[in-house]
Amino acid sequence: MILGLSGGVDSSVTAVLLNRAIGKNLFCIFVDHGLLRKNEFENVLCDYEHLGLNVIGVDAKERFYGWLSGVSDPEMKRKIIGKGFIDVFEEEARKLDDIKWLGQGTIYPDIIESSSVTGTVIKSHHNVGGLPEKMNLKLVEPLRTLYKNEVRIVGSELGMKPFLLNRHPFPGPGLAIRILGDITPEKVRLLQEADDIYTQALREWNLYDKVWQSAAILLPIKSVGVTDDQRTYENVIALRAVNSIDAMTAEWVQLPYDFLAKVSNEIINKVNGVNRVVYDISSKPPATIEWE
């Protein structure tokens, strides 16, 4: 069996659970689709070392950038990324002996939002609605009936370390759904830098563990600004922080004004191409946690 790792809590718990069940017969595939956080590919591979997992890292950045070139529609982005993952997983499976199953860290909110159980599809998660209709691998999803808080309980029972279980959720499509509009390597670089400043500041101010999920979003607009007495016309970053229990509802977090001021100034001063930062004060519902 192969398991698609994302570095998030759901896939991590799934990996440990399946490893307990089938041991060396599990091969974990961690794909760098070029849409991860800054340095996340290397950091996640290092984090998994203590779990005793058989992890294979695959650099597929250029392939995903090619597939996503010129695509702006969020549903199309999710479906392209979902199919891309499956293509890479099936390629890696062919390099191994007799691989028939694909494990995924799908949880119940993914299924609810990706299906029409409620009468409408909210958004297709890459591991549910984003999957191609035909696959050569059969699916195993041991967490598909659980909510995020229940997944963390399972991980704790399995003896996983808190820094893995308490990591903020990160979507499988990664920064592709935090870049509104089409994807380019330059946009990814810009958002990675802004996101890294925001995340590190949350840790430094002891706010990271008080927030359920945080995100920086690159908006598809530009604004007029002034730098060194010169007019600029550059990008806008939105910051988001929410608290939730099960990801079905979420409340925006009232982060301290002095914290937001510091982060805004640091992003504008250090990230070339950004001259404005805004803060998202929308709760779920009516907004979703991610912007796309």
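Residues numbered from 1 in each chain as written. Predicted model: local features only at pLDDT ≥ 70, side-chain atom pairs only at ≥ 80, totals over all residues. Heavy atoms only, no water.

S.K.: Help me understand the overall build of the protein chain in this model?
M.R.: Within the protein chain one finds nine helices and nine strands. Its C-alpha atoms give the protein chain a radius of gyration of 19 Å, near enough to 19 Å, the size a compact globule of 292 residues would have. Dimensions of the protein chain along its principal axes, counting C-alpha atoms only, are 65 × 40 × 40 Å. Within the span of the protein chain, comprising 292 residues, buried residues form 53% of the whole. Summarising the internal contacts of the protein chain: among those between residues at least 6 apart in sequence, 73% fall at separations of at least 24. Total accessible area on the protein chain stands at roughly 13,700 Å², and carbon and sulfur atoms take up 51% of it. Where the 33 positive side-chain charges of the protein chain centre and where its 39 negative ones centre are 2 Å apart. (Helix = DSSP H or I, 4+ residues; strand = E, 2+ residues; numbered from the N terminus. Rg over C-alpha atoms; globule rule 2.2 N^0.38 Å. Buried < 20%, exposed > 50% of the residue type's maximum accessible area, 1.4 Å probe, protein only. Contact = heavy atoms within 4.5 Å. Areas by Shrake-Rupley, 256 points an atom, 1.4 Å probe, with all protein chains shown as cover. Lys, Arg positive; Asp, Glu negative; His and termini not counted. Charge placed at Lys NZ, Arg CZ, Asp CG, Glu CD.)

S.K.: Explain the sheet that holds strand β3 (residues 55-59) to me, please; I cannot follow it from the model alone.
M.R.: The strands making up a sheet associate through backbone hydrogen bonding, with each pair oriented either parallel or antiparallel. As summarised here, the arrangement of the five strands in space is β3-β2-β1-β4-β5, forming an open sheet in which the pairing is parallel. At either margin of the open sheet sits one strand with a lone partner, and together these are β3 and β5 (138-140). With strand direction ignored, the average angle separating the axes of adjacent strands in the sheet is 30°. (Pairing = 2+ DSSP bridges. Axes fitted to C-alpha atoms, helices over the stretch in contact; angles between N-to-C directions.)

S.K.: Where do I start with the packing of aromatic side chains in this structure?
M.R.: Here a ring pair, both rings aromatic, is described through the centre-centre distance and the interplanar angle of the planes. If you walk through the whole model with that rule in mind, you get eight aromatic pairs. Taking 5.4 Å as the distance between ring centres and 70° as the angle between the ring planes, the aromatic pair formed by Trp205 and Phe259 counts as edge-to-face. In this pair, Trp205 sits in the loop between α8 (185-204) and β6 (213-227) while Phe259 sits in helix α9 (residues 257-270), placing the two residues 54 residues apart along the sequence. Under the relative-accessibility criterion, Phe259 is labelled buried at 0%. One aromatic cluster in this structure is built from Phe64, Trp67, Phe85 and Phe89. Directly above the aromatic system of Tyr208 lies the positively charged group of Arg203, at a separation of 3.9 Å from the ring centroid. (Phe/Tyr/Trp six-rings, centres within 6.5 Å; stacked < 30°, edge-to-face > 60°. Lys NZ or Arg CZ within 6 Å of the ring centre and 35° of its normal.)

S.K.: Sorry if this is basic, but what is going on with the pattern of salt bridges here?
M.R.: Once the charged atoms of two side chains with opposite charge are near each other, the side chains can pair. Scanning the model with the defined rule gives 17 salt bridges in all. The shortest N-O distance in the salt bridge between Lys95 and Glu92 comes to 3.1 Å. Residue class for Lys95 comes out exposed when judged on its relative accessible area of 60%. Given the relative accessible area of 9%, Glu92 is considered buried. Taking the shortest distance from any N to any O, the salt bridge between Lys270 and Glu266 comes out at 3.0 Å. Note that Lys270 and Glu266 are positioned in helix α9 at a spacing of four residues, about one turn of the helix. A single network of salt bridges, built from pairs that share partners, joins Asp32, Asp59 and Lys61. (Salt bridge = Lys/Arg side-chain N within 4 Å of Asp/Glu carboxyl O.)

S.K.: What is the right way to look at the packing of helix α1 (residues 9-22) against helix α6 (residues 148-157) in this model?
M.R.: Two quantities define a packed helix pair, namely the angle between the axes and the distance from one axis to the other. Packing of α1 against α6 brings their axes to within 10 Å, and their N-to-C directions diverge by 40°. Pair α1 / α6 crosses with left-handed handedness. Across from Val9, Asp10 and Val13 in α1, the residues of α6 making contact are Lys148, Val151, Arg152, Val154 and Gly155. (Left-handed = near helix turned anticlockwise from the far one by under 90°.)

S.K.: Teacher, can you tell me more about the side chain of Ser12 here?
M.R.: In this fold, Ser12 is placed in helix α1. Here Ser12 falls in the buried class, since its relative accessible area comes to 1%. Here Gly8 takes part through its backbone oxygen, which lies 2.7 Å from a polar atom of the side chain of Ser12. Setting aside residues no more than four positions away along its own chain, Ser12 makes contact with Gly7, Tyr48 and Met160. (Polar contact = N/O pair within 3.5 Å; in protein donor to acceptor, adjacent residues only side chain to side chain.)

S.K.: Would you mind showing me how to read the packing of α8 against α9 here?
M.R.: The N-to-C vectors of α8 and α9 enclose an angle of 150°; their axes lie 10 Å apart at closest approach. One finds that α8 runs roughly antiparallel with respect to α9. Note on packing geometry: the crossing formed by α8 with α9 is right-handed. Seen from α8, the contacting residues are Ala194, Ile197, Tyr198, Ala201 and Leu202; seen from α9, they are Phe259, Val263, Glu266, Ile267 and Lys270. When grouped by side-chain class, the residues that make up the contact of α8 with α9 number eight nonpolar, no polar and two charged. (Parallel < 35°, antiparallel > 145°, perpendicular 65-115°, else oblique. Nonpolar A, V, L, I, M, F, W, Y, C, P; charged D, E, K, R; others polar.)

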